[in-house]
Amino acid sequence: MRECIYCGKQLEKGEQCTCAMSVAKRREREQARQAEQPRSQKEARAEEKNRRKQEKEHTRKQEREARSRAREARRNTRQAAHNYSRAYRAQTRTAFGDVWQLFKSFLRSPIETVMNPGQMSVAVIMIFVVIEGIIAGLSGFSIISGASRGPVRLLGNLMGFRGAQGYDTVLGWLGSAFSGAVGGVVIFFIGSGIFYLINRWIFKQFTPYWEFSKRFALVGIPSTVIGAVGVLLGFFSQTTFAVLMIVGMVGTVVLLYEILRSAWYSRSAAKVMYMMLLGVFVFLMIVLYIVRISML
């Protein structure tokens with residue numbers, strides 16, 4: 001048994017006293033709870049609103065950071081593309097400048113230049129090869145087909161003074177230039193590859209390929225110069241032009257020997273000559289078989 005703390009009445013278990021003081025106290029506690037409940041809900045709503053506000057602010061901040069990173073990435077991409085374009089243009093200008101300087105050096109002293117051309121990049125090597133191939137293709141077209149040569153006649157062909165035949169000649173020049181460029185690259189790799197294999201397998205020298213083969217890009221300059229003069233000026237007869245091209249080929253053979261002599265300086269002159277003849281034989285056999293198969 002327990003008793004009321006206000007009036008002293010004995011109360012059963014779970015019984016509430018009905019005295020005025022007990023009833024008043026219970027009413028006060030109920031009113032306090034009722035007054036407290038709205039405050040708790042208001043605080044909860046305020047906390048929820050504050051939480052949502054923080055979440056929105058965090059989301060906006062993340063979006064701003066994402067947009068900023070995207071802008072920075074686009075800027076970096078544009079800058080990288082711009083830098084690459086500038087570097088490529090500078091490299092191209094440098095490559096063509098090196099080609100011109102090397103060509104002038106060759107005209108002054110061809111033997112010394114092919115023996116010691118200095119540092120040559122792959123771009124410089126390929127520019128030489130492509131130019132030589134284009135001029136060789138145009139020269140071959142002029143000799144074989146008897147095409148009109150010289151700037152005046154070429155202008156007449158373009159203006160249609162010779163009708164459809166004139167345009168056929170112009171198209172033949174363009175096709176010969178393209179096929180000459182491709183053929184020049186193929187011939188360069190075949191020729192330099194043959195002598196590189198001789199250098200590696202027979203003489204046991206492990207010179208890097210581009211370092212060994214860079215001189216071979218210069219051997220066609222004599223024939224190229226003669227062919228360019230004949231194609232551009234067009235005052236040679238076909239017979240004279242063919243003879244001059246043969247002279248250019250002789251110059252090419254001489255340069256080839258000097259290149260191999262400088263590469264195999266520790267070998268005897270006889271062995272260098274025999275290896276050169278072997279390489280030329282294999283080269284001509286491969287090229288002639290390619291031509292024969294292409295004509296089938």
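Residues numbered from 1 in each chain as written. Predicted model: local features only at pLDDT ≥ 70, side-chain atom pairs only at ≥ 80, totals over all residues. Heavy atoms only, no water.

Engineer: Help me understand the pattern of salt bridges in this model?
Structural biologist: Side chains that differ in sign of charge can pair as their charged atoms come close. Taken as a whole and assessed by the stated rule, the structure comprises three salt bridges. Where Glu57 meets Arg64, a salt bridge forms, and the shortest distance between an N and an O atom there is 3.8 Å. According to the relative accessible area criterion, Glu57 is partly exposed, its value standing at 39%. Close ionic contact of Lys214 with Glu211 constitutes a salt bridge, the shortest N to O distance being 3.1 Å. By relative accessible area, which is 4% here, Lys214 ends up buried. Salt bridges sharing common partners tie together Glu57, Arg60 and Arg64. (Salt bridge = Lys/Arg side-chain N within 4 Å of Asp/Glu carboxyl O. Buried < 20%, exposed > 50% of the residue type's maximum accessible area, 1.4 Å probe, protein only.)

Engineer: How do you make sense of the side chain of Ser192 when you look at a structure like this?
Structural biologist: Secondary-structure assignment places Ser192 in helix H5 (residues 164–202). Under the relative-accessibility criterion, Ser192 is labelled buried at 1%. (Helix = DSSP H or I, 4+ residues; strand = E, 2+ residues; numbered from the N terminus.)

Engineer: Just checking my understanding: could you explain the environment of Val182 for this structure?
Structural biologist: Note on placement: Val182 falls in helix H5. For the pair Val182 and Gly133, spaced 49 residues apart in sequence, the C-alpha to C-alpha distance is 7.2 Å.

Engineer: For this particular structure, what's the right way to read the confidence of the model for the protein chain?
Structural biologist: Segments scoring low in pLDDT should not have their predicted coordinates read at a detailed level. For the protein chain, the mean per-residue pLDDT works out to 78, and 74% of the residues sit at or above 70. In the model of the protein chain, helix H4 (residues 151–158) stands out as the element of lowest mean pLDDT, 55, in contrast to helix H6 (residues 209–213), which has the highest, 91. (pLDDT = per-residue confidence, 0-100.)

Engineer: Would you mind going over helix H9 (residues 269–294) with me for this structure?
Structural biologist: Since one α-helical turn is 3.6 residues long, residues separated by three or four positions face the same way. Between its first and last C-alpha, H9 extends 37 Å over 26 residues, near the 38 Å set by a 1.5 Å rise per residue. Those residues of H9 lying buried are Val272, Met275, Met276, Gly279, Phe283 and Val287. (Expected span 1.5 Å × (residues − 1).)

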